[in-house]
Number of protein chains: 2
Amino acid sequence: MLMEDHVTPRRVVIIGGGFAGLFAARALRRAPVAVTVVDRRAHHLFQPLLYQCAAGILSEGQIAQPLRAVLRRRPNVSCLLAEAIDVDPRANVVYARRPDGGALELPYDDLIVAVGMRQSYFGHDEFAEHAPGMKTLKDALDIRRRLYQAFEMAETATDPEERRQWLTFALVGGGPTGVELAGQIREIAGHTLDREFRTIDSTEARVLLFEGSDKVLRTFGPHLADRAARTLRHLGVEIHLGTVVTAVDADGLIVKDRSGASTRFPARTVLWTAGVEAPPIAAALARATGATQDRAGRIAVQPDLTLEAYPNIRVTGDVMDLNRLPGLAEVAMQTGAYAGRAVRHSVEARKKQPRPFRYVDLGSAAYICRGKAVVKIGRIHLSGLAGWLVWLLVHLAFLTGFRSRLGAVLSWAVTFASGSRRERAFAMSDRDPSPEPLAGTRAPATSA
Amino acid sequence: MLMEDHVTPRRVVIIGGGFAGLFAARALRRAPVAVTVVDRRAHHLFQPLLYQCAAGILSEGQIAQPLRAVLRRRPNVSCLLAEAIDVDPRANVVYARRPDGGALELPYDDLIVAVGMRQSYFGHDEFAEHAPGMKTLKDALDIRRRLYQAFEMAETATDPEERRQWLTFALVGGGPTGVELAGQIREIAGHTLDREFRTIDSTEARVLLFEGSDKVLRTFGPHLADRAARTLRHLGVEIHLGTVVTAVDADGLIVKDRSGASTRFPARTVLWTAGVEAPPIAAALARATGATQDRAGRIAVQPDLTLEAYPNIRVTGDVMDLNRLPGLAEVAMQTGAYAGRAVRHSVEARKKQPRPFRYVDLGSAAYICRGKAVVKIGRIHLSGLAGWLVWLLVHLAFLTGFRSRLGAVLSWAVTFASGSRRERAFAMSDRDPSPEPLAGTRAPATSA
């Protein structure tokens, strides 16, 4: 009925197809609107399991579904593969760029910004070359290659010092992703690669975890943080608290501790999970609308997620700055759904003033190793096997689609039972030397 | 017992961990030798299903197992991730290069060369940028990204001519890989992407198949070749026989037919499966040993697969030139196993002269589309559903490991029944423009 009242349906542009964007699109499923989801990637990524793709447990397809496949049954939604680069809030247009550089203009009546955050190196973008982040599928595949290739390099190293460096893995950042990766690397070294190498002993791999504050998993509270640290140490992870990384190169990193002393740690694999920053579109939006950004670039919003001067622009998810809510999938889902509902209510011309957004904390979880996880749900704190079982249920409940769930359960069962991992295959890097030219390598005179 | 006779076991170096190298290593499992398998990639790739990884049906892990995981239960085998770059047949040393450029020397008593072939552009290596080949995992992931991204680009194209170009896929080479890819693209367009797009009709995608000879699947004989061509045409593949590609760029290709006339075909996706050539190590080996190479670089061998002047060097698989045997997995397996057995017999000091290698033709198969394949086993020629069932059984029998088989069967069942594909996720290319700088894009004056 409402549909018939509108000759041209109201146009809703959603920037970003992560949890926030997807939940906004879902909340609009019965609204008489034309929704456009624009994302620089063609897939909805199940970010909380990205580390399992990096660690060789899950395949890309198990954690990333094509956005348009997820949304195929919503006739009022269309998807565009393009990156939003600017917004004109007076003309109500989003400017986007296609992968080949072509320009797109997307006019809107309502705009929902759900662009997420990307890895931050705190002004040291030069670290990225040697210390990849963990935000995209490409990052995960890069890390998978680095992890497994490091053991291969150690196996063929002739210098013992070089071998030790290849068998040392440094993780910067003691949040959930850093902790999860640290646990994974120790499990790969101890279980997955067991008896595969002839020269090295993979179980000797060192994992160093550097964290700036005085706790890993600080957001879980002191009790669970201490439990997690104990489990990690038991696994063989060396935790360095109160440290700041001041340099990273191909052979290791330099770390400053609270006394001001600098120490160099040799390590051929450095992974970075230490911080996030808003993508450039957030700054463009702030410039155009006069919205304020916090230090990481998050955009301050009203209690109803709108921008002060622009009630038709809503900001959701990780890139939203409201009551210091953390960058969790749960926050993204709830703010996305709220923004979608708010647009629907305004289309349906409901008189009632919308209630401000209220976050319902459903808890958070971090996997540490086989059979061990920490979970915080309100006052309930779980660790060890109980935590792991809850972790399992929560992740199964939220994985998109039945087939992903079945596939993940099978993969987890195999990895849990035998330690082996199905998805260890990696493509070689562009940076590895190409076969030609032969010049510069050692070759016998007979064939020179 | 034999083990005890030798203080230092005889050293066997196998270059390449494909079918030939793996079967050689297996044939040596009970021999008192120290085997080293050296490969530039850490994985054994199940090459015959690589196109299914490109097409989004199978994951990397389903078609590529870590070499050292496959060989973990063989205590006399070690694996090295390095590329063989030269051989000194008088000093009995293989020179290799690690991924970081470091040099390795591998002394041997017996050498088995099983390096395979790589894509050839017939002297036009500049085609590779716009027309990727189909030999490695990286190729498959690159093709997967290009295929699915082409439909995304068509969806956002504003110019109808550009849209048509994005929806045109050109395949160069009418062998099994070209035919299999052609079938896959038509199935993706017709089934997988059904109802996912709003602007384009994915079923309109054109697939052009260019072949130099007068038949596709020529090696299957005229009867099956004609059946395959009919099935392809019925699927909507446009077959251009007797054509030679003379130029490829980002927007299409130029093709010369037998009359000498040149035609330009606009197509934004060009895939190349037309030819193979030997990797550089083959030329290095030929130079060092005086062995002769055929036009594609294959190395001529004696009937017992050794080189004329070097009875301790054996060449196997695709890179071997013997009785014009084709580059099939089956030939690689049989020659690899033969070479491994020959080394074992010589270690065991058997007096008997080894019989020359004899190829037992177990047949060949090519998948065309759901429920249709062609199979040739001696005089038995199968096509359609019967061929497809045999194809299924043969591939299940040869897939490495039970889990790969189970995974593949599940993936095939889903794709066959519903047309949907689990592994459509792809990482964006390095060549896609990065978010910054914004300069050069259209942006409103207000935020410039």
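A brief report on the enclosed structure follows. Just so we're clear, the structure is a prediction, and the values are computed from it rather than from any experiment.

## Concerning the relation of the copies chain B and chain A
- Each copy superposes on the other: chain B lies on chain A with an RMSD of 0.0 Å after a rotation of 180° and an axial shift of 0.0 Å. Taken together, these values place the two copies in the relation of a two-fold axis. Using C-alpha coordinates, one finds that chain B approaches the rotation axis most closely at B:S59, a distance of 3.2 Å.
- Most of the interface of chain B is mirrored in chain A: 100% of its interface residues are interface residues there too.

## Focus on the layout of surface pockets
All names here are of chain B.
- Empty space within the second largest pocket amounts to approximately 740 Å³.
- Around the second largest pocket sit 24 residues that line it, and Y338, R341, H345, P354 and R355 are the ones nearest its centre.
- Contributing elements (two or more residues each) for the lining of the second largest pocket: β21 (310-315) and α11 (329-347).
- Per element, the largest residue contribution to the lining of the second largest pocket is eight residues, and it comes from α11.
- Across the lining of the second largest pocket, the residue classes tally to eleven nonpolar, six polar and seven charged.

## Here's the deal with the sheet that holds strand β16 (residues 262-266) of chain A
Residues and elements named next belong to chain A.
- Spatially, three strands are ordered β14-β15-β16 in an open sheet, and the strand pairing comes out antiparallel. The sheet is open, and its two edges are formed by β14 (244-249) and β16, each paired on a single side. Along the sheet, successive strands turn relative to each other by an average axial angle of 20°, direction set aside.
- Bridging between β14 and strand β15 (residues 252-256) involves five bridges; their strand directions are antiparallel.

## Quick look at the pairing of β16(A)
Residues and elements named next belong to chain A.
- In this structure, β15 lies alongside β16, joined through five bridges in antiparallel fashion. By the bridge assignment for β16, L253 is matched with F265.
- The loop that links β15 with its antiparallel partner β16 comprises five residues; one of these, G260, has a positive phi angle of about 90°.

## Overview of helix α6 (residues 137-156) of chain A
All names here are of chain A.
- Its 20 residues place the ends of α6 29 Å apart at the C-alpha level, agreeing with the 28 Å of an ideal helix rising 1.5 Å per residue.
- Bending of α6 peaks at approximately 25° at the position of Q149.
- For α6, the tally of buried residues reaches 18 of 20 residues, placing the bulk of the element in the interior.

## Observations regarding the sheet that holds strand β15 (residues 252-256) of chain B
All names here are of chain B.
- As summarised here, the arrangement of the three strands in space is β14-β15-β16, forming an open sheet in which the pairing is antiparallel. The two strands at the open ends of the sheet, each matched to only one other strand, are β14 (244-249) and β16 (262-266). Geometrically, the sheet is characterised by an average inter-axis angle of 20° between neighbouring strands, direction not taken into account.

## Side note on the packing of helix α2 (residues 19-27) of chain A against helix α11 (residues 329-347) of chain A
All names here are of chain A.
- The interhelical angle for the contact between α2 and α11, taken along N-to-C directions, is 30°, at an axis separation of 7 Å. Once α2 is placed against α11, the crossing between them reads as right-handed. For the pair α2 and α11, the contacting residues are F19, A20, F23, A24 and A27 in the first and A329, A332, M333, G336, A337, G340, R341 and R344 in the second.
- Among the residues making up the contact of α2 with α11, the classes are represented as nine nonpolar, two polar and two charged.

## Topic: the interface of chain B and chain A
- In this complex, chain B contributes 87 residues to the contact, which on the side of chain A involves 88 residues.
- Approximately 7600 Å² of surface area, both sides summed, lies buried where chain B meets chain A, with 52% of it carried by carbon and sulfur atoms.
- Here chain B is connected to chain A by eight salt bridges.
- Notably, a salt bridge pairs A:R144 with B:E60, separated by 3.9 Å at the nearest N-O pair.
- Between chain B and chain A we count 24 residue pairs in polar contact (both at pLDDT 80 or more) in total.
- Per element, the largest residue contribution to the side of chain B that touches chain A is nine residues, and it comes from helix α6 (residues 137-156) of chain B.
- Here the residues of the side of chain B that touches chain A sort into 36 nonpolar, 16 polar and 35 charged.

## Comments concerning the pairing of strand β7 (residues 93-97) of chain A
Residues and elements named next belong to chain A.
- The buried fraction of β7 is high, at five of five residues.
- Across the two faces of β7 the burial is the same, with V93, Y95 and R97 and V94 and A96 all buried.
- Pairing of strand β6 (residues 83-88) with β7, which is carried by five bridges, proceeds in the antiparallel orientation. Bridge pairing in β7 links D86 to Y95.

## As for the packing of aromatic side chains
- Considering all chains together, one arrives at 24 aromatic pairs over all chains under this definition.
- Judged by centre distance (5.0 Å) and plane angle (35°), the ring pair of A:Y121 and A:W272 falls under tilted. Residue A:Y121 is found in the loop between β10 (118-119) and α6, and its partner A:W272 is found in strand β17 (residues 269-272); the two are separated by 151 residues along the sequence. Neither A:Y121 nor A:W272 differs from the other in exposure class; each is buried.
- Relative to B:W412, the ring of B:W391 has its centre 5.1 Å away and its plane inclined at 55°; by these criteria the two rings are tilted. Taken as a pair, B:W391 in helix α12 (residues 384-398) and B:W412 in helix α13 (residues 402-418) lie far apart in primary sequence, 21 residues in all. One exposure class covers both B:W391 and B:W412, and it is buried.
- Here the aromatic cluster, defined as three or more aromatic residues joined through ring pairs, consists of A:Y51, A:Y367, A:W391 and A:W412.
- The ring of A:F23 has A:R26 lying over it, and the distance from NZ or CZ to the ring centre is 5.4 Å.

Rules used in this analysis
- Residues numbered from 1 in each chain as written.
- Chains lettered and ligands numbered in written order.
- Predicted model: local features only at pLDDT ≥ 70, side-chain atom pairs only at ≥ 80, totals over all residues.
- Heavy atoms only, no water.
- Least-squares fit on C-alpha atoms with pLDDT ≥ 70 in both.
- Contact = heavy atoms within 4.5 Å.
- 1 Å grid on protein atoms, 1.4 Å probe; cavity = no way out; pocket = protein on both sides within 12 Å on 5 of 7 lines; lining within 4 Å.
- Points joined across faces, edges and corners; volume = space filled by probe spheres on them.
- Helix = DSSP H or I, 4+ residues; strand = E, 2+ residues; numbered from the N terminus.
- Nonpolar A, V, L, I, M, F, W, Y, C, P; charged D, E, K, R; others polar.
- Pairing = 2+ DSSP bridges.
- Axes fitted to C-alpha atoms, helices over the stretch in contact; angles between N-to-C directions.
- Expected span 1.5 Å × (residues − 1).
- Bend = angle between axes of the 7 residues up to and from the residue.
- Buried < 20%, exposed > 50% of the residue type's maximum accessible area, 1.4 Å probe, protein only.
- Left-handed = near helix turned anticlockwise from the far one by under 90°.
- Buried area = accessible area lost by both parts, 1.4 Å probe.
- Salt bridge = Lys/Arg side-chain N within 4 Å of Asp/Glu carboxyl O.
- Polar contact = N/O pair within 3.5 Å; in protein donor to acceptor, adjacent residues only side chain to side chain.
- Phe/Tyr/Trp six-rings, centres within 6.5 Å; stacked < 30°, edge-to-face > 60°.
- Lys NZ or Arg CZ within 6 Å of the ring centre and 35° of its normal.

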